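# Structural overview
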Amino acid sequence: NWTAQNSGIIGRLNSVYFTDETTGYVVGNSGTILKTSNGGINWTTQSCGTTNALSSVYFPNATTGYAVGGMGLILKTTNAGATWTHSTYNGTTQLNSVYFTNSNTGYAVGFHGTILKTTNTGTNWTKLSSGTDNDLFSIYFTAPNTGYAVGLHGTILKTTNAGTNWTELSTGIGNVLFSVYFTAPNTGYAFGLYGIIIKTTNA
């Protein structure tokens, strides 16, 4: 069963992440960041100093979080969302997803095959060679060195060396894939346009 919760806004919301059972964050268009501390019963708006659309939010621990979005925007908080600061990344490519493998190391993906990596808690970001120009919409790591990114035309990329190299996997579909998630090291799912869901058990 699902029950509607009042977000307090009418704009589009794009991503949600919970750091525990009661504390969660939602990001959306026009620089929207919402936080709940009571399991979604109430949501409060947080100021982040931008009107750019935010596509994805991720917290590697309870106090430190990141949000990415339009025009290459990367935001960071170190106080559980009370304040957000802009990253030093100077690119302008739309970023669609962010994921951290530990407190220091994180990745972001976006349009035109963009994959970024930080190894110093988001202070600096470097662009990795993805081997594709297809837009990427989601990234997920099953281990510190093993990760996947999905995107346009059924693209699925895999790395086994923490992003240094990426290999394109065969999916047999041409639908855009918007999200990827693994429940175990070899078992993963990707979801996309027109209701497409694909699954692997031998990643």
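Residues numbered from 1 in each chain as written. Predicted model: local features only at pLDDT ≥ 70, side-chain atom pairs only at ≥ 80, totals over all residues. Heavy atoms only, no water.

Turning our eyes to something else, we now look at the sheet that holds strand β18 (residues 187–192). Ordered by their spatial adjacency, three strands build an open sheet running β17-β18-β19, and the pairing between neighbours is antiparallel. With partners counted over all chains shown, the strands left at the sheet margins are β17 (177–184) and β19 (197–200), one partner each. Across the sheet, the mean angle from the axis of one strand to that of its neighbour is 15°, orientation sign disregarded. When β17 meets β18, the two strands line up antiparallel, connected through six bridges. Residue pairing for β18: Phe 182 is matched across the bridge by Gly 188. (Pairing = 2+ DSSP bridges. Helix = DSSP H or I, 4+ residues; strand = E, 2+ residues; numbered from the N terminus. Axes fitted to C-alpha atoms, helices over the stretch in contact; angles between N-to-C directions.)

This part covers the pairing of β18. Here β17 hands over to β18 after two residues, the two strands then running antiparallel side by side. Two elements, β18 and β19, share four bridges in a ladder whose sense is antiparallel. By the bridge assignment, Phe 191 is partnered in β19 with Ile 197.

To continue, consider the packing of aromatic side chains. The description of an aromatic ring pair uses the distance of the two centres, along with the angle that the planes make with each other. Inspection of the entire model under this criterion finds 16 aromatic pairs. Between Phe 59 and Trp 84, the aromatic rings sit 6.2 Å apart at their centres with planes inclined by 90°, giving edge-to-face as the arrangement. Placement of Phe 59 in the loop between β5 (54–58) and β6 (65–69) and of Trp 84 in the loop between β7 (74–77) and β8 (85–86) is noted, with a sequence separation of 25 residues between them. Accessibility expressed as a relative area gives 7% for Trp 84, which makes it buried. Consider the rings of Tyr 66 and Phe 100, whose centres lie 4.0 Å apart with planes at 15°: the pair is stacked. Separated by 34 residues along the polypeptide, Tyr 66 in strand β6 and Phe 100 in strand β9 (residues 95–100) bring together distant segments of the chain. (Phe/Tyr/Trp six-rings, centres within 6.5 Å; stacked < 30°, edge-to-face > 60°. Buried < 20%, exposed > 50% of the residue type's maximum accessible area, 1.4 Å probe, protein only.)

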